[in-house]
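One-letter residues, chain by chain:
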Protein chains: 2
Amino acid sequence: MQRLIGKMFTSTFKYKSLEECHDAAVLENPDARIAFTTDSYVVQPTIFPGGDIGILAVYGTVNDLAMAGARPLYLSLSFILEEGLPMVDLWQIVQSIKNAVDTAGVQIVTGDTKVVDKGKGDSIFINTAGIGILNHNKIISAQRVQAGDAIIVNGDLARHGMAIMAVREGLEFESSIKSDVAPLNGMVQALFDGGIDVHCLRDLTRGGLSSALNEIAYAAHVGMEVDESKVPVHEDVAAACEILGLDPLYVANEGKCVAFVSEKDSDKALQIMRSHPLGREASIIGLVNGRESNIVQLKSKIGAMRILDMLSGEQLPRIC
Amino acid sequence: MQRLIGKMFTSTFKYKSLEECHDAAVLENPDARIAFTTDSYVVQPTIFPGGDIGILAVYGTVNDLAMAGARPLYLSLSFILEEGLPMVDLWQIVQSIKNAVDTAGVQIVTGDTKVVDKGKGDSIFINTAGIGILNHNKIISAQRVQAGDAIIVNGDLARHGMAIMAVREGLEFESSIKSDVAPLNGMVQALFDGGIDVHCLRDLTRGGLSSALNEIAYAAHVGMEVDESKVPVHEDVAAACEILGLDPLYVANEGKCVAFVSEKDSDKALQIMRSHPLGREASIIGLVNGRESNIVQLKSKIGAMRILDMLSGEQLPRIC
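Reference entry: report on the structure contained in this document. (Residues numbered from 1 in each chain as written. Chains lettered and ligands numbered in written order. Predicted model: local features only at pLDDT ≥ 70, side-chain atom pairs only at ≥ 80, totals over all residues. Heavy atoms only, no water.)

Moving on: the overall build of chain A. The helix and strand tally for chain A stands at 9 helices and 14 strands. Counting only residues that meet the buried cut, chain A has 59% of its 320 residues in that class. Taking the intrachain contacts of chain A between residues at least 6 apart in sequence as the baseline, contacts between residues at least 24 apart amount to 88%. A total accessible area of about 12600 Å² is found for chain A, and carbon and sulfur atoms account for 50% of it. (Helix = DSSP H or I, 4+ residues; strand = E, 2+ residues; numbered from the N terminus. Buried < 20%, exposed > 50% of the residue type's maximum accessible area, 1.4 Å probe, protein only. Contact = heavy atoms within 4.5 Å. Areas by Shrake-Rupley, 256 points an atom, 1.4 Å probe, with all protein chains shown as cover.)

Once that is clear, we can look at the sheet that holds strand β13 (residues 296–299) of chain B. Residue and element names in this part refer to chain B. If you walk across this open sheet you meet the 7 strands as β9-β11-β8-β12-β10-β13-β14, and the pairing is mixed. Two strands lie at the open edges of the sheet, namely β9 (198–203) and β14 (305–307), each paired on one side alone. The sheet shows a mean angle of 25 degrees between the axes of neighbouring strands, direction not considered. Bridge count between strand β8 (residues 150–153) and strand β12 (residues 283–289): 4 bridges; the pairing is antiparallel. When the sheet's bridge partners are listed, Ile-152 is paired in β12 with Ile-284. Where helix α3 (residues 53–67) meets the sheet, its contacts fall on β9 and β11 (257–261), and the angle it forms with β9 comes to roughly 160 degrees. (Pairing = 2+ DSSP bridges. Axes fitted to C-alpha atoms, helices over the stretch in contact; angles between N-to-C directions.)

Taken as a whole and judged by the stated rule, the model has 1 cavity of 30 Å³ or more. Taken together, 14 residues form the lining of the largest cavity, with Ser40(A), Ile80(A), Ser40(B), Ile80(B) and Asn127(B) sitting closest to its centre. Looking at the lining of the largest cavity, the elements with two or more residues in it are β5 (71–82) and β7 (124–134) of chain A together with β5 (71–82) and β7 (124–134) of chain B. Of the residues assigned to the lining of the largest cavity, the class counts are 8 nonpolar, 6 polar and no charged. (1 Å grid on protein atoms, 1.4 Å probe; cavity = no way out; pocket = protein on both sides within 12 Å on 5 of 7 lines; lining within 4 Å. Points joined across faces, edges and corners; volume = space filled by probe spheres on them. Nonpolar A, V, L, I, M, F, W, Y, C, P; charged D, E, K, R; others polar.)

So, about the pattern of salt bridges. Taken as a whole, this structure holds 30 salt bridges over all chains when the rule is applied. Put simply, Asp247(A) and Arg306(A) hold a salt bridge, and the shortest N to O gap is 3.6 Å. Here Asp247(A) is found in the loop between α8 (235–244) and β11 (257–261), whereas its partner Arg306(A) is found in strand β14 (residues 305–307), with 59 residues between them in sequence. Ionic pairing is found between Asp227(B) and Lys230(B), a salt bridge with its closest N-O pair at 3.9 Å. The class of Lys230(B) is partly exposed, set by a relative accessible area of 42%. One network of salt bridges, with partners in common, ties together Asp39(A), Arg206(A), Asp112(B) and Lys114(B). (Salt bridge = Lys/Arg side-chain N within 4 Å of Asp/Glu carboxyl O.)

Residue and element names in this part refer to chain B. Packing of helix α5 (residues 159–168) against helix α8 (residues 235–244) brings their axes to within 10 Å, and their N-to-C directions diverge by 55 degrees. The orientation of α5 relative to α8 falls into the category oblique. Between α5 and α8 lies a crossing whose hand is left-handed. Contact residues: Arg-159, Met-162 and Met-165 in α5; Val-237, Ala-240, Cys-241 and Leu-244 in α8. Looking at side-chain class alone, the contact of α5 with α8 contains 6 nonpolar, no polar and 1 charged residues. (Parallel < 35°, antiparallel > 145°, perpendicular 65-115°, else oblique. Left-handed = near helix turned anticlockwise from the far one by under 90°.)

Superposing chain A onto chain B takes a rotation of 180 degrees plus a shift of 0.0 Å along the axis, which leaves an RMSD of 0.0 Å. Overall, the copies show the geometry of a two-fold rotation axis. Scanning chain A for the C-alpha nearest the rotation axis identifies Gly121(A), at a separation of 2.1 Å. Both copies share a contact surface, since 100% of the interface residues of chain A are interface residues in chain B too. (Least-squares fit on C-alpha atoms with pLDDT ≥ 70 in both.)

With the rule as written, the count across this model stands at 2 aromatic pairs over all chains. Where Phe36(A) meets Phe36(B), the ring centres are 6.2 Å apart and the plane angle is 80 degrees; that geometry is what we call edge-to-face. Placement of the pair is Phe36(A) in strand β2 (residues 33–41) and Phe36(B) in strand β2 (residues 33–41), with the two residues belonging to separate chains. A single burial state applies to Phe36(A) and to Phe36(B), both of which are buried. Stacked on the ring of Tyr41(B), the Lys or Arg Lys114(A) has its end atom at 5.7 Å from the ring centre. (Phe/Tyr/Trp six-rings, centres within 6.5 Å; stacked < 30°, edge-to-face > 60°. Lys NZ or Arg CZ within 6 Å of the ring centre and 35° of its normal.)

Every α-helix winds through 3.6 residues per turn, so residues three or four apart in the chain are directed the same way. All names here are of chain B. Given a rise of 1.5 Å per residue, 18 residues ought to cover 26 Å, and the 25 Å separating the end C-alpha atoms of helix α4 (residues 87–104) matches this to within 8%. Here α4 has its buried residues at Leu-90, Ile-93, Val-94, Ser-96, Ile-97, Ala-100, Val-101 and Ala-104. The arc enclosing the buried residues of α4, seen along the axis, measures out at 160 degrees, which places them on a common side. Summarising the geometry of α4, the exposed residues directed more than 90 degrees from the buried face are Val-88 and Thr-103. In the stretch just after α4, Gly-105 is the one whose phi turns positive, near 75 degrees. (Expected span 1.5 Å × (residues − 1). Arc of directions from axis to C-beta.)

So, on to the interface of chain A and chain B. Quoted interface sizes are often the accessible area lost when the parts come together. Taken together, the contact between chain A and chain B spans 60 residues of the former and 60 residues of the latter. Between chain A and chain B, the buried area comes to about 4500 Å², and carbon and sulfur atoms account for 57% of it. In this assembly, chain A and chain B are joined by 8 salt bridges. A salt bridge links Lys114(A) to Asp39(B), with the nearest nitrogen and oxygen atoms 3.6 Å apart. Counting across the interface, chain A meets chain B through 12 residue pairs in polar contact (both at pLDDT 80 or more). (Buried area = accessible area lost by both parts, 1.4 Å probe. Polar contact = N/O pair within 3.5 Å; in protein donor to acceptor, adjacent residues only side chain to side chain.)

Quick look at the pairing of strand β6 (residues 107–116) of chain A now. Residue and element names in this part refer to chain A. Within β6, 7 of the 10 residues are buried, leaving the element largely enclosed by the surrounding structure. Both β5 and β6 contribute to a ladder of 9 bridges, which runs parallel. Bridge pairing in β6 links Tyr-74 to Gln-107. On the question of chirality, the crossover connecting β5 to the parallel β6 by way of helix α4 (residues 87–104) is right-handed. (Right-handed = clockwise from strand over helix to strand, strands pointing away.)

Residue and element names in this part refer to chain A. Within the open sheet, the 7 strands sit side by side as β9-β11-β8-β12-β10-β13-β14. Their pairing is mixed. Each edge of the open sheet is held by one strand with a lone partner, namely β9 (198–203) and β14. Across this sheet, the average inter-strand angle for adjacent strands is 25 degrees, counted without regard to direction. Where β9 meets β11, 5 bridges bridge the pair, whose relative direction is antiparallel. Considered in β11, the bridge of Asp-203 is made with Cys-257. Running at roughly 160 degrees to β9, helix α3 (residues 53–67) makes contact with β9 and β11 of the sheet. Lying on the sheet, helix α9 (residues 263–275) is in contact with β8 (150–153), β11 and β12 (283–289); it crosses β8 at an angle near 10 degrees.

In this section: the pairing of β13(B). Residues and elements named next belong to chain B. Bridge count between strand β10 (residues 223–227) and β13: 4 bridges; the pairing is parallel. Bridging from a neighbouring strand, Met-224 pairs with Val-296 of β13. Relative to β14, β13 is paired through 3 bridges, and the arrangement is antiparallel. Bridge pairing in β14 links Leu-298 to Arg-306. Turn length for the β13-β14 hairpin, with the two strands adjacent in sequence and antiparallel, is 5 residues, and the turn residue Gly-303 shows positive phi of about 95 degrees.

Here's what the structure looks like:
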């Protein structure tokens, strides 16, 4: 099995640093600040409408780097495989990873594989760590969010979570809901290239939009006001959420982020995002205010105000 | 559980970059080539004589960076925990990690935790990725190994593998065999500081000494001759190997490496290693020759020559 896996990887990822080095990849001096991140991926099912655990492992880590304002360059790739995993499944996921790194413009430069006995894992877990460079002097951080900032999302919410849940619950919809998993580094770079002074970026993964906004409000000691009618949610996703009793504002996304920019930059930022394939449905969903520190308020579609809390209780398990 | 884990980590690893950044750590420009590595750790049992999975996850990755000639600086830390894992076990391992990073002089700068349902994991898996800098222009690589090079190990072999196996097999020895798990970066730095032109370094983990030598012989297209009587193996370890029918030259180590240096440097290198606490039993075990390309020969204690092959068949599972 180890030999087969070895062949699978070396034939798929023919990168210089993988061939030359044994224990670690040696990389040229990036001549810039670097960003470093890691995530383990345990999503079930491993293959789902719109993606698989391999794509998720690449884009998830690419997006974490992009959210830090970094240009993603290098990924590590580490598998924990359960004995008995069909090689054809692994091969499919390795090919997905290859396509995903090519699409995102990053390289797998180092890796590892462990096999655990049957019943001691769950087919496939993947860890990716990532290195990116910050080729600018900007600080992209929750601490920079301030009263007057516009809150922009790059598209419709809750698709990743609902794609997974629909499969798990065996729900049959007229049209299958596909995960939105996508690499956001290109769109973020377009914002930088367009001269937008982005204050903060955050991907809307576990806990969805509401968790991200609450975390940022808390870190920046600001209040926020979100207009529910401006938050894009597709009809089929909204229907699926209703059936399962889930609020789309709390459901995970894998190709969506929120950007905070000062009001004067907001129209230009929106335009840049809408010109990018991953931001066509971008929308200014609200504003940061200086009142009611740490509180995120939601103006519902019928005009009522309510507090948009952190998710209390269990989040959906193994969504990424 | 997530909240408890969060508290456990933030109270233990109070590093600047962890506090300020959400998705990724932003690090100063290292102004040098960087090395990047990853490993997932699935060792069973997770706590063993001489160490635990946490120590292993730190030192294993530190050593991979050191073997690439890099000074390890930053680690990522990612857990996959099985539901129901006793918090007290996790706490012990997190404290081990804290002690290990302090000992090795590295920092945990980013992390992640996933929880999987009971029966879908095995108490605790850890991934660490690591970044190191190469603050020299040397190339440390199997390709630099050449005829005449001395082969040096920094101490006695097979302790890690036998410590794990003894627990698993329920063997009772008079004195418990302890894993040799240790961070080799300091000793490697001492070699560099001493002006040794190290050609190649390799840690003797899965597959032990013989796998490492064979891989390097193959990559460098050289032959090697190893004198078994020069290879340090402690008596209790040798006895345990005999009971289990294992050859210590194939058993995993976690604090041992092999260094290739030109013959003129070999005495000085040996002296530097022996002056370091982790190299007190360092020994020149053999030489690289230009004959019989790719073949590693072993001169046994009774003087007979045999070929020291790659391990064929199964390696010990889940040894790291």
